[in-house]
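# Remarks on the overall topology
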Amino acid sequence: MNNKNLHDSLRSLNCVQRDAVLSTAKSLQIVAGPGSGKTKVVTFTKKAANELKERLKTVIGPQMTHLIQIGTFHSICCSILRLNAREIGMEPNFKILEERKRKEIIRELLADEDLPAKYADRQIKIGTIISEIDKARERGENHIRFQNIYSGAISPLKVSVSIFYQAYEEDFGGLILRTTELLSDNKVNSVQSVDCVLVDEFQDTSSAQYNLLKLIMSQSAHKSITVVGDPDQSIYGWRSAKNKVFQEMQDDFENTLTISLEQNYRSSAKLVESASHVIMQDAERMNKALYTNNPVGIPISLIKTADEKKQAEYVAYEISKVVDYSKGLIQYKDIAILIRANFITHQFERILRKHQIPFNLKGGDRFFNRMEIKDMLAYLRLAFDPYDVNSFKRIINIPKRNIRQDTIDMILSLSMTHQMSIPEAINLFLNSQKRSFFADRKEIVKFLHLCQSFQDKIENKTEISDILKSIYDDTNYYTHLRQHYYRDHLGRLRNISELVNMATSKSDIFNDQDDCNEEESAEDLNYTNVVPIDDPLLKPVKEEEIEIPLSQAPKETNQDVEKFLAYCDDCLEWPCVFVVSCIDGIIPASGGDDNEEKRILYVAMTRSKFLLYCISPRFVNEWGELKSVNMSPFLENMSRDLYSTISPVWNQELRKMLANTIKREIPIDDYFLRDSKIPKSTSSQPTPKTTSTNIPTATFTFYQPYSSSSSPKTKITVVPTYTYTSSARQTSSSSFPTGLKRSLPCDEDSGKDDWLKVVVKEEPIDDSFNL
Ligand SMILES: Nc1ncnc2c1ncn2[C@@H]1O[C@H](COP(=O)(O)OP(=O)(O)OP(=O)(O)O)[C@@H](O)[C@H]1O
């Protein structure tokens, strides 16, 4: 970075940010609240490092420069290990196991008779073992430590896991531990030359990663460490990240200097205050302030709707209103709907599509593209249409039945040759087999009975929702989910429950499903963002930061997290945010860590720059039954001036404040009539008339260029309730395009000359949406 660039960049920082960037402390913590410029400061440092890299290349050559590393913990560990693999008995070209491969290995281990049978509980699920191993790794426990800790454990699970952990090979999660092992033996000096370490998103550091950092730092006295993060945004508890890591660092590293970035540049003051109301409830919280010099803003909208469908409809209604009334300040791409649980997205997909509101769904598949939904519907389809070959192919081995491919092929071929339904073909196949006990016979017969029982239900006119429930129960689908998708099996379960809800409410499942195949271009930026609230939203680690070749990178590590990251753009702040389903059971999630749940809501709320809606339905559907729910307790007891229970009321004042907060140009107040000067007495249009009560009226053309929903030219009748010579009296209008009632005060100047100047202003109105 040349001096001028450096100077210019430094000038864009505030004093505290500048202190942070220029600090020479050996151990430095930059603790920064949301929207306080943390990314800006880090980017500054990263940019500096990258530019430094470029300059160094010309001075010390590319080879030496190569020693400067920027990457994730995993990618850096991977390169250290590749360089020194043999020191710890690994091959330098070691492979990192994909999720599928990990499962295969555990499956083999489960079948391995050589493992001590008395320990290895063969009933234990593969997903559970993998999850336990991952958790142990995040805590920094290798298999020896794990065994020591749990040697006297009563839990058969822990004992079994320790056996498998020992026998298990390397994978993505093992990289950190293996690197720690390598460095603790002092066999290699790959990190001795490292002078400075910078850690971003420090609150997400797992115990294993923190131990590694300490080890790196202990290797020489001249090293310095800078960490940047926000303990209030620590939401990775499930992988052993702790918000207390900041305190731990202060204890471990002498003279740690802490610089706090407390000024929020993102949001309005009301928004910062209402989010603070939530985070202050976190009992584990490290005390720190957050303030803003941004405009005061408006209260957040705490809206209660009758149910989840109404919630989605309300959001769609408000989105149209915001886009319309902000007069170009807010477009679809500036709006985000933050959704905590995957199964809730469905309502939004449906309703947004119905209202022709474009949207991008981030962080997961569309509802009908989800595996469990496709499985359920394939069973249903096959029951409706026994000739449906594709559905048969999909579910014949889901849940796993070990039916061989050649058997499946044979059934399909019989069905095709004899133009038979699948059940008929199965029957023919069973009868045509000479050997009465071929390997998969029992399973095929069971499958046939299942299909027939679902078909019978259809013939008996059983409700679709009940058939779906039978499919779920009779196929033992829960066990299948738990076994193969342990980490998110509950979420998937809720998706199935949502499917049952839809069937109960008689929505047209199949039509919806067809709709979902419409591909929407992710490149078109002008889309509403539908984003999961969970961790992925907040951590935009980019794919390119992971230096491991993609073919070697685990496909399903951290599942949704990685999936989201692949689609994530850099935008983690929006002028308008809807946090939906703010109900007890979702935020906080049942069984979640209460303090962490508060942080999740806090992070979601602080994504908004200006408009924030926290919406909670009063009733939700579970397995087709209505259940009463409460608003998230975290939103309760908020100071009355911080929230409103109605939608924001639009007027030019609001637009000005919005524009100032999001740093965009204030739109012209188009409600000033184009021909705002109306001749006082003229026979030409508009024509003031005198009514029987002596109130003059005028009719003129009113132009709304920003409006997308109404025709651009609309006739409006203004009935002033004053005579020409008086000023600033209330007027009223009829036939206003949106159908909303408005008051039309007359401009102060109106009576001063021969011209009547009418200013149309929006005033508080009764919201026409029926919540
Ligand atoms: N000194 C500054 N002057 C003006 N704007 C700033 C300054 N620092 C940051 N901003 C702006 O504030 C907004 C938030 O900054 P940034 O994204 O860096 O915050 P953050 O601390 O990373 O937030 P979070 O932790 O919530 O993701 C950005 O739009 C950024 O451009």
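Further up the page is the structure itself.
A short tour of the structure in this document, coming up. Just so it is clear, the model here is predicted, and its values are computed rather than measured. Per chain, residues are indexed from 1 in the order of the written sequence. Where local features are concerned, this predicted model is filtered to residues with pLDDT of at least 70; where side-chain atom pairs are given and counted, the filter is 80 or more; whole-chain, interface and lining totals use all residues. Heavy atoms from the whole structure form the basis of all side-chain values; hydrogens and water molecules are not counted.

## Brief notes about the pattern of salt bridges
Salt bridges are counted wherever a side-chain nitrogen of Lys or Arg sits within 4 Å of a carboxyl oxygen of Asp or Glu. In this structure the tally under the stated criterion is 24 salt bridges. A salt bridge links K469 to D466; the nearest nitrogen and oxygen atoms lie 3.8 Å apart. Of this pair, K469 and D466 both sit in helix α20 (residues 464–474), three residues apart, which is roughly one turn of that helix. Several salt bridges converge on common partners, so that one network encompasses D230, D232, R285 and K288. Secondary structure elements are defined from DSSP: runs of H or I of at least 4 residues count as helices, runs of E of at least 2 residues count as strands, and each element is numbered from the N terminus.

## Some thoughts on the packing of aromatic side chains
Within 6.5 Å between ring centres, the rings of Phe, Tyr and Trp (the latter by its six-membered ring) count as paired, and their orientation is classed by plane angle as stacked under 30 degrees, edge-to-face over 60, tilted in between. Taken as a whole and assessed by the stated rule, the structure comprises eight aromatic pairs. Ring centres of F202 and F246 lie 5.2 Å apart, and the angle between their planes is 90°; this geometry places the pair in the edge-to-face category. In this pair, F202 sits in the loop between β2 (196–199) and α10 (207–218) while F246 sits in helix α11 (residues 245–252), placing the two residues 44 residues apart along the sequence. In this scheme, a residue with accessible area under 20% of its type's maximum is buried, one over 50% is exposed, and one in between is partly exposed, where area comes from a 1.4 Å probe on protein chains only. You can call F202 buried: its relative accessible area is 0%. Positioned above the aromatic ring of Y643 is the side chain of R640, whose terminal nitrogen or guanidinium carbon lies 4.3 Å from the ring centre. The criterion for a charge sitting over a ring is simple: Lys NZ or Arg CZ within 6 Å of the ring centre, and within 35 degrees of the ring normal.

## Remarks on the sheet that holds strand β1 (residues 27–32)
The pairing criterion for strands is at least two bridges between them, as found by DSSP. What the four strands build is an open sheet, ordered β2-β3-β1-β4; its pairing is parallel. Strands with a single pairing partner mark the edges of an open sheet, and in this sheet they are β2 and β4 (257–261). Taken over all neighbouring pairs, the strand axes of this sheet differ in orientation by 15° on average, direction set aside. As judged from the five bridges shared by β1 and β4, these two strands associate in the parallel manner. Across the sheet, the residue bridging to A32 is L261, located in β4. Axis lines are fitted through C-alpha atoms, for helices just across the contact stretch, and the angle between N-to-C directions can take any value from 0 to 180 degrees.

## Remarks on the packing of helix α13 (residues 308–325) against helix α14 (residues 345–354)
Remark: α13 packs on α14, axes separated minimally by 9 Å, with the N-to-C direction vectors making an angle of 40°. With respect to α14, the axis of α13 lies oblique. Note on packing geometry: the crossing formed by α13 with α14 is right-handed. Residues E308, K309, Q311, A312, E313, V315, A316 and I319 of α13 form the contact with α14, whose own contacting residues are Q347, F348, R350, I351, L352 and K354. Comment on the angle field: the value is read as roughly parallel under 35 degrees, roughly antiparallel over 145, roughly perpendicular from 65 to 115, and oblique elsewhere. Put simply, a crossing is left-handed when the front helix is turned counterclockwise from the back one by less than a right angle, and right-handed when it is turned clockwise. Every residue pair with non-hydrogen atoms within 4.5 Å of one another is taken to be in contact.

## Things to note about the nonpolar core
Counting 70 residues, the largest nonpolar core has I319, F578, M605 and L635 as the members making the most contacts within it. Tallying contributions element by element places α13 first for this core, with eight residues. Put simply, buried Ala, Val, Leu, Ile, Met, Phe, Trp, Tyr and Cys residues joined by side-chain atoms within 4.5 Å make one nonpolar core. In terms of nonpolar packing, the next biggest core, distinct from the first, is built from 45 residues, L382, I403, L493 and M502 among them.

## With respect to the site of the ligand
Throughout, the term near means that a residue has one or more heavy atoms lying within 4 Å of the molecule or strand in question. Among the 16 residues in the neighbourhood of the ligand, the closest are listed as Q17, G35, K38, T39 and R607. Definition of a polar contact: a pair of N or O atoms within 3.5 Å, with one able to donate and the other able to accept a hydrogen when the atoms are protein atoms, and with sequence-neighbouring residues admitted only if both atoms are side-chain atoms. At a separation of 3.3 Å, a nitrogen atom of the ligand approaches a polar backbone atom of S12. One of the backbone nitrogen or oxygen atoms of G37 is found 3.2 Å away from an oxygen atom of the ligand. Accessible areas in this description were obtained via Shrake-Rupley with a 1.4 Å probe; residue shielding takes into account the shown protein chains only. The fraction of the free accessible surface of the ligand (630 Å²) that becomes covered by protein chains is 77%. In terms of residue class, the shell around the ligand is built from two nonpolar, nine polar and five charged. Three classes are used: nonpolar for Ala, Val, Leu, Ile, Met, Phe, Trp, Tyr, Cys and Pro, charged for Asp, Glu, Lys and Arg, and polar for all others, with Gly counted as polar.

## As for the side chain of S36
By the secondary structure assignment, S36 is in the loop between β1 and α3 (38–65). A relative accessible area of 1% means that S36 is categorised as buried. Beyond its immediate chain neighbours, meaning those up to four positions away, S36 contacts Q17, L261, Q263, N264 and Y265.

## Some words on the pairing of strand β8 (residues 335–339)
Of all five residues that make up β8, five are buried, and the element is covered over most of its length. Going residue by residue along β8, you find I335, I337 and I339 tucked away on one face and A336 and L338 tucked away on the opposite face as well. With four bridges joining them, β8 and strand β11 (residues 574–579) adopt parallel strand pairing. Within the sheet, the bridge partner assigned to L338 lies in β11 and is V579.

## A look at the environment of L290
Within the secondary structure, L290 is located in the loop between α12 (269–279) and β6 (291–292). As a C-alpha pair, L290 and S276 span 14 residues in sequence and 7.9 Å in three-dimensional space. With near-sequence residues (within four places) excluded, L290 lies in contact with G33, P34, E262, N264, V272 and Y602.

This is a description of form; function is not addressed.
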